[in-house]
Amino acid sequence: MTLRRIIRGVRRRAQGEMAQKPNPQGGSRGKIDEKKMEGMEAQSSSTLAYVLKPSQLFNEDILFCIDVDAESMVEMKVTGSKGRPITRMDSIKQAILLFVHSKLAINSDHRFAFAALGKTASWLQREFSSEVDSAIAALRGLSVDGSCGNADLTQLFRVAAHEAKKSRAQNRIFRVILIYCRSSAPPQHQWPANQKLFTLDVVYLHDKPGPENCPQKVYDALVDALEHVSEYEGYIHESGQGLTRVLFRYMCVLLSHPQQRCQQDDVDIPKSLAKKLPAADSTPAEESVPVSSK
């Protein structure tokens, strides 16, 4: 699913077309002034080396919003101890605890809160905390509501915007990680495009396409929401494989700090664990080293 790549391609082409439009004062915006460039090169030869200016990375307040629709209870392909089936919700809870432990190992000042998404968002734990036990207690209180139908993200965005303002007052940044599990119900929202106060990341676990499922349509709606509200680069990951390790891998990628991120199209991690074959001998077996005679 490459909607984000398509959108960015359209934007880049549009920028390229703008660069080719003639300038009313003569020339074009995309044309290089060779004389000016020569002057810049001459000037740069006498300047100091480039130095990257230091910048402050703010601590994060992270709100997890977990889908509690009945589809979050779909069984994964792996099983637990004694053959017990593992549901999406089981895997989500494990992945969140992995994230919390890892994020706090990086910086113990990050804080977490939790919400559930039924027809709309509601708090599970409103107070932001850096305690792992607090996260465990919140996840234990998470329960599935049954079939919820369409989800409205507007309330989630309102809560996030309100909390983001409080975080900014404390020199922190705010992030929402939405874990969505519905294969036939695209989320909706009503939110002004000029209010980007927080960063939205999405993990989308879904069934395969079918007569009653439209995961591509749901994915497109999630991409639209992410692009609409995110302050920094937001990441979206999807999987219909039903594999816990894929979810864990996505959560590890989301450990990245929003202020340090590249565009998602440029992310090339995690690397493949394919076995590396030993290098072949560069000297052919039939070749022999000549011996000099005296």
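Please read these numbers as outputs of a predicted model, since none were measured by experiment.

A. Focus on the packing of aromatic side chains. In the structure shown here, the tally under the stated rule is eight aromatic pairs. With 5.4 Å between their ring centres and 85 degrees between their planes, F64 and F99 make a pair best called edge-to-face. Here F99 lies in helix 3 (residues 88–106) and F64 lies in strand 1 (residues 59–67), a separation of 35 residues in the sequence. Of the two residues, F64 and F99, both sit in the buried class. Summarising the aromatic geometry, the rings of Y180 and Y204 are spaced 6.0 Å apart at their centres and angled 45 degrees between planes, so their arrangement reads as tilted. In this pair, Y180 is assigned in strand 6 (residues 172–180) and Y204 in strand 7 (residues 199–205), connecting sequence segments 24 residues apart. Here Y180 matches Y204 in class, with each residue buried. Of the aromatic side chains, those joined through ring pairs into one cluster are F64, F99, F112 and F114. Taking NZ or CZ as reference, R261 lies 4.4 Å from the ring centre of Y235, over its face.

B. Geometry of the sheet that holds strand 5 (residues 121–129). Taken in spatial order, the six strands make up an open sheet running 5-4-1-6-7-8, and their pairing is mixed. Every other strand in the sheet has two partners, leaving strand 5 and strand 8 (236–239) as the edge strands with one partner each. Pairs of neighbouring strands in the sheet enclose a mean axial angle of 15 degrees, with direction left out of account. With eight bridges connecting them, strand 1 and strand 6 associate as parallel partners. Across the sheet, the residue bridging to N59 is R172, located in strand 6. Running over the sheet, helix 4 (residues 132–140) touches strand 1, strand 4 (111–117) and strand 5 and is turned about 165 degrees from strand 5. Helix-sheet contacts for helix 7 (residues 244–253) involve strand 1, strand 7 and strand 8, and the interaxial angle to strand 8 is about 175 degrees.

C. Examining the pairing of strand 7 more closely. With seven of seven residues buried, strand 7 lies mostly within the body of the structure. The alternating pattern of strand 7 places T199, D201, V203 and L205 and L200, V202 and Y204 on opposite faces, both of which are buried. As paired elements, strand 6 and strand 7 share six bridges and run parallel to each other. Following the sheet pairing, I179 is matched in strand 7 by V203. Pairing between strand 7 and strand 8: four bridges, direction parallel. Paired with Y204 across the bridge in strand 8 is E238. Note that the unit made of strand 7, helix 6 (residues 215–229) and strand 8 has a crossover that is right-handed.

D. Broad picture of unusual backbone geometry. Phi at N171 is positive, roughly 60 degrees, even though this residue is not glycine. Tracing the chain through its elements places N171 in the loop between helix 5 (154–169) and strand 6. N171 gets classed as exposed once you look at its relative accessible area, which sits at 53%.

E. A look at the nonpolar core. Counting 34 residues, the largest nonpolar core has L63, F157, F198 and L200 as the members making the most contacts within it. Looking at this core, the elements that each hand over two or more residues are strand 1, strand 4, strand 5, helix 5, strand 6, strand 7 and helix 6. M89, I96, F99 and L142 belong to the second-largest nonpolar core, a separate cluster that totals 30 residues.

F. Broad picture of helix 4. Where helix 4 is concerned, the buried positions are V132, A135, A138 and L139. All buried residues of helix 4 lie within an arc of 120 degrees about the axis, which places them on one face of the element. Exposed and facing more than 90 degrees away from the buried side of helix 4 are D133 and R140. Lining the buried residues of helix 4 we find strand 1, helix 3, strand 4 and strand 5.

G. Expanded view of the side chain of S230. Mapped onto the secondary structure, S230 falls in the loop between helix 6 and strand 8. A polar contact is formed between the side chain of S230 and the backbone nitrogen of L200, at a distance of 3.1 Å. Separated by 3.0 Å, the side chain of S230 and the backbone oxygen of L226 make a polar contact. Among all residues touching S230, those that are not within four sequence positions of it are K196, F198, T199 and L200.

H. Seen up close, the packing of helix 3 against helix 4. Their axes nearest at 10 Å, the elements helix 3 and helix 4 cross at an angle of 165 degrees. Our classification of the angle between helix 3 and helix 4 gives roughly antiparallel. Classified by chirality, the crossing of helix 4 by helix 3 is right-handed. Of helix 4, the residues touching helix 3 (which contributes K93, I96, L97, V100, H101 and L104) are V132, A135, I136 and L139. Residue composition of the contact of helix 3 with helix 4, grouped by class: eight nonpolar, one polar and one charged.

Calculation criteria
- Residues numbered from 1 in each chain as written.
- Predicted model: local features only at pLDDT ≥ 70, side-chain atom pairs only at ≥ 80, totals over all residues.
- Heavy atoms only, no water.
- Phe/Tyr/Trp six-rings, centres within 6.5 Å; stacked < 30°, edge-to-face > 60°.
- Helix = DSSP H or I, 4+ residues; strand = E, 2+ residues; numbered from the N terminus.
- Buried < 20%, exposed > 50% of the residue type's maximum accessible area, 1.4 Å probe, protein only.
- Lys NZ or Arg CZ within 6 Å of the ring centre and 35° of its normal.
- Pairing = 2+ DSSP bridges.
- Axes fitted to C-alpha atoms, helices over the stretch in contact; angles between N-to-C directions.
- Contact = heavy atoms within 4.5 Å.
- Right-handed = clockwise from strand over helix to strand, strands pointing away.
- Core = buried A, V, L, I, M, F, W, Y, C linked by side-chain atoms within 4.5 Å.
- Arc of directions from axis to C-beta.
- Polar contact = N/O pair within 3.5 Å; in protein donor to acceptor, adjacent residues only side chain to side chain.
- Parallel < 35°, antiparallel > 145°, perpendicular 65-115°, else oblique.
- Left-handed = near helix turned anticlockwise from the far one by under 90°.
- Nonpolar A, V, L, I, M, F, W, Y, C, P; charged D, E, K, R; others polar.

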